[in-house]
Amino acid sequence: DLDRKVDEIREKKVADIYAWDATSVLVKKDGLEISAVKEKAGEEEKWLLDPATKAEADRTKVEDFVRRIEGLEAAAFVDSPGPLAGYGLDPGTEIRITTRDYQDKEKEIVLFVGREDAATNQVAVKAAGLDYLFLVDAAFLADLPKDHNAWQAEAPKTAEGQTDKK
């Protein structure tokens, strides 16, 4: 085992979270800010875009995004990155996920996502509190919300020819 390189035994997981523990998600990108908060009523959980108005989020879309972040792994690392602007991390996209575990302990992870390097098809991700960068597959960028409606729940559909009016 002494022949192994540091990158082979290093923790590749970008975010140390469990998706089912997530209680809030916030994404800031290019002036867009989208967030969702999990609300529990008895045994039922739902995601809200705006807790004040009770505007419901699409649970599947929000949870798929959180699972995508949970599964994000580094293909490589940059130990002494120098100026972060060179990686598109000035300011870059910001992702904040708050979790609450079974012991009711709250934790927030903060990630900053740079721009895609077309040559390597990778993107730099900086986790708050760490002085190195993760280089990850840029495919996950497609999962970032594109606009304010990205996580909005669809209105219930009515049967053709019928209305929901009485």
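Above: the structure in question.
Residues numbered from 1 in each chain as written. Predicted model: local features only at pLDDT ≥ 70, side-chain atom pairs only at ≥ 80, totals over all residues. Heavy atoms only, no water.

Engineer: How do you make sense of the packing of aromatic side chains when you look at a structure like this?
Structural biologist: Following the criterion strictly, the structure yields 5 aromatic pairs and no others. Judged by centre distance (5.5 Å) and plane angle (65°), the ring pair of Y132 and F134 falls under edge-to-face. Among the residues examined, Y132 registers a relative accessible area of 18% and is labelled buried. Through a chain of ring-to-ring contacts, the aromatic side chains of F77, Y132 and F134 assemble into a single cluster. We note R10 situated over the ring of F77; from NZ or CZ to the ring centre the distance is 4.2 Å. (Phe/Tyr/Trp six-rings, centres within 6.5 Å; stacked < 30°, edge-to-face > 60°. Buried < 20%, exposed > 50% of the residue type's maximum accessible area, 1.4 Å probe, protein only. Lys NZ or Arg CZ within 6 Å of the ring centre and 35° of its normal.)

Engineer: Help me out: how do you make sense of the pairing of strand β9 (residues 133-137) in this one?
Structural biologist: A regular strand carries its side chains on alternate faces of the sheet. By the criterion of burial, β9 is predominantly enclosed, with 4 of the 5 residues buried. As paired strands, strand β5 (residues 76-78) and β9 are joined by 3 bridges and run antiparallel to one another. The residue of β9 that forms the bridge with F77 is F134. For strand β8 (residues 122-127) and β9, the ladder comprises 4 bridges, and the chain directions are antiparallel. (Helix = DSSP H or I, 4+ residues; strand = E, 2+ residues; numbered from the N terminus. Pairing = 2+ DSSP bridges.)

Engineer: Would you mind going over unusual backbone geometry with me for this structure?
Structural biologist: Only a minority of non-glycine residues have a phi that is not negative, and only a minority of peptide bonds are not trans. The linkage connecting D90 with the following residue, P91, adopts the cis geometry, with an omega of 5°. Counting through the fold element by element, P91 comes out in the loop between β5 and β6 (93-100). Positive phi outside glycine occurs at D30, with the angle close to 50°. Among the secondary structure elements, D30 is positioned in the loop between β1 (22-29) and β2 (32-41). Unlike most non-glycine residues, D104 shows phi in positive territory, near 65°. The topology assignment puts D104 in the loop between β6 and β7 (106-117). For D104, a relative accessible area of 51% corresponds to the exposed category.

Engineer: Explain the sheet that holds β8 to me, please; I cannot follow it from the model alone.
Structural biologist: Strand-to-strand pairing in sheets goes through backbone hydrogen bonds, with the strands running parallel or antiparallel. Strand order in the open sheet formed by 9 strands is β4-β3-β2-β1-β6-β7-β8-β9-β5, and the pairing between neighbours is antiparallel. The strands lining the two open edges of the sheet, one partner per strand, are β4 (55-56) and β5. Along the sheet, helix α2 (residues 59-70) makes contact with β1, β2, β3 (44-50), β6 and β7, crossing β1 at roughly 80°. (Contact = heavy atoms within 4.5 Å. Axes fitted to C-alpha atoms, helices over the stretch in contact; angles between N-to-C directions.)

Engineer: Honestly, the nonpolar core in this entry has me stumped. Any pointers?
Structural biologist: As a rule of thumb, nonpolar side chains are buried together in soluble globular proteins. Core analysis: the largest hydrophobic core is formed by 35 residues, its most contacted members being I69, I95, I97, L111, F134, F140 and W151. With 4 residues, α2 is the single largest residue contributor to this core. With residues up to four places along the chain from it excluded, the contact list for W151 reads V25, V27, I34, S35, A36, L49, A57, D58, K61, V62, F65 and P145. With 5 residues, the next largest nonpolar core counts V78, A124, L133 and L135 among its residues. (Core = buried A, V, L, I, M, F, W, Y, C linked by side-chain atoms within 4.5 Å.)

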